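Given next are the chains, with one letter for each unit.
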Amino acid sequence: MKPPFEPQIDLKAISAYANAHQAENDRFSAFIKEFNDEAIDAKVQELDALISPTISCTDCGNCCKSLMVCLNEQEADNLSSHLKMDRPSFDQKYLEKGSNGMMIMNQMPCHFLHNNKCTVYEYRFEGCKEFPALHLPHFKRRVFTTFMHYDRCPIIFNVVEQLKKEMNFERALPQ
């Protein structure tokens, strides 16, 4: 089923809208915290299921171009094995390690992005698999991070904008 609106996919338009509506988004973040967790999760998941299939991630690829991806030891082991690299060589070429043991990809866009497609898709990291995470429970706990990505992901942008409409959120600033 198609959404009853044409999703916005133009990244420049999305970014400009996000910048112009920062105060509105801050108010919306506070607004949804007043609602039942399960009801918000159900509505976000319903909208995600409606909107996500209409937006081609490989037309955009912006998440792979602009997000720092964390990974764990098992994910690094799996991908290094797939690439037929020993872990020290893999780590040196692709990873940055923090003093706390946290690992992130050492480059944006991602090393493995080619023509907006992941060249290691079957071995991609959990953070990549989950993004934009609208299908997961506890949306209200992730509102801050959702709005961090609102200006870069057409799926998040369209789900949030439709959520505002369906929740009858008052968009105009109070007088």
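As the structure is a computational prediction, the values presented were derived from the model and not from experiment.

(A) Here's a closer look at the packing of helix α2 (residues 22-32) against helix α10 (residues 154-166). Interaxial distance between α2 and α10 falls to 12 Å at its minimum, and their mutual angle equals 65°. The angle between α2 and α10 falls in the class roughly perpendicular. With respect to the hand of their crossing, α2 and α10 are arranged in left-handed fashion. Side by side, α2 and α10 meet where Glu 24, Asn 25 and Phe 28 of the first sit next to Val 160, Glu 161, Leu 163 and Lys 164 of the second. Residue composition of the contact of α2 with α10, by class: three nonpolar, one polar and three charged.

(B) Geometry of the sheet that holds strand β2 (residues 95-97). The strand order β1-β3-β2 describes an open sheet built from three strands, whose pairing is antiparallel. The open sheet has two edge strands, β1 (70-71) and β2, and neither has a second partner. For β2 and strand β3 (residues 103-105), the ladder comprises three bridges, and the chain directions are antiparallel. What sits directly across from Glu 96, in β3, is Ile 104.

(C) Up close: helix α6 (residues 73-82). Those residues of α6 lying buried are Glu 75, Ala 76, Leu 79 and Ser 80. Along α6, the residues classed as buried sweep out an arc of 125° about the axis, all on the same side. Two to three positions downstream of the cap, the backbone nitrogen of Gln 74 sits 3.0 Å from a side-chain oxygen, assigning the N-cap of α6 to Asn 72. Once α6 ends, the next one or two residues include Lys 84, with phi positive near 55°.

(D) Representation of the packing of aromatic side chains. Tallying each qualifying case throughout the model produces nine aromatic pairs. For the ring pair Phe 90 and Tyr 94, a centre distance of 5.2 Å and an interplane angle of 50° mean the geometry is tilted. A residue pair is termed a helical-turn pair when its members lie 3 or 4 positions apart in one helix, as Phe 90 and Tyr 94 do in helix α7 (residues 87-94) at four residues. Through a chain of ring-to-ring contacts, three or more aromatic side chains come together here, namely Tyr 17, Phe 147, Tyr 150 and Phe 157.

(E) Quick look at the pattern of salt bridges. Inspection of every chain in the model, using the stated rule, returns eleven salt bridges. Where Asp 37 meets Lys 140, a salt bridge forms, and the shortest distance between an N and an O atom there is 2.7 Å. Taken as a pair, Asp 37 in helix α3 (residues 37-51) and Lys 140 in the loop between α8 (126-130) and α9 (143-149) lie far apart in primary sequence, 103 residues in all. With a relative accessible area of 33%, Asp 37 lands in the partly exposed category.

What counts and what doesn't
- Residues numbered from 1 in each chain as written.
- Predicted model: local features only at pLDDT ≥ 70, side-chain atom pairs only at ≥ 80, totals over all residues.
- Heavy atoms only, no water.
- Axes fitted to C-alpha atoms, helices over the stretch in contact; angles between N-to-C directions.
- Helix = DSSP H or I, 4+ residues; strand = E, 2+ residues; numbered from the N terminus.
- Parallel < 35°, antiparallel > 145°, perpendicular 65-115°, else oblique.
- Left-handed = near helix turned anticlockwise from the far one by under 90°.
- Contact = heavy atoms within 4.5 Å.
- Nonpolar A, V, L, I, M, F, W, Y, C, P; charged D, E, K, R; others polar.
- Pairing = 2+ DSSP bridges.
- Buried < 20%, exposed > 50% of the residue type's maximum accessible area, 1.4 Å probe, protein only.
- Arc of directions from axis to C-beta.
- Polar contact = N/O pair within 3.5 Å; in protein donor to acceptor, adjacent residues only side chain to side chain.
- Phe/Tyr/Trp six-rings, centres within 6.5 Å; stacked < 30°, edge-to-face > 60°.
- Salt bridge = Lys/Arg side-chain N within 4 Å of Asp/Glu carboxyl O.

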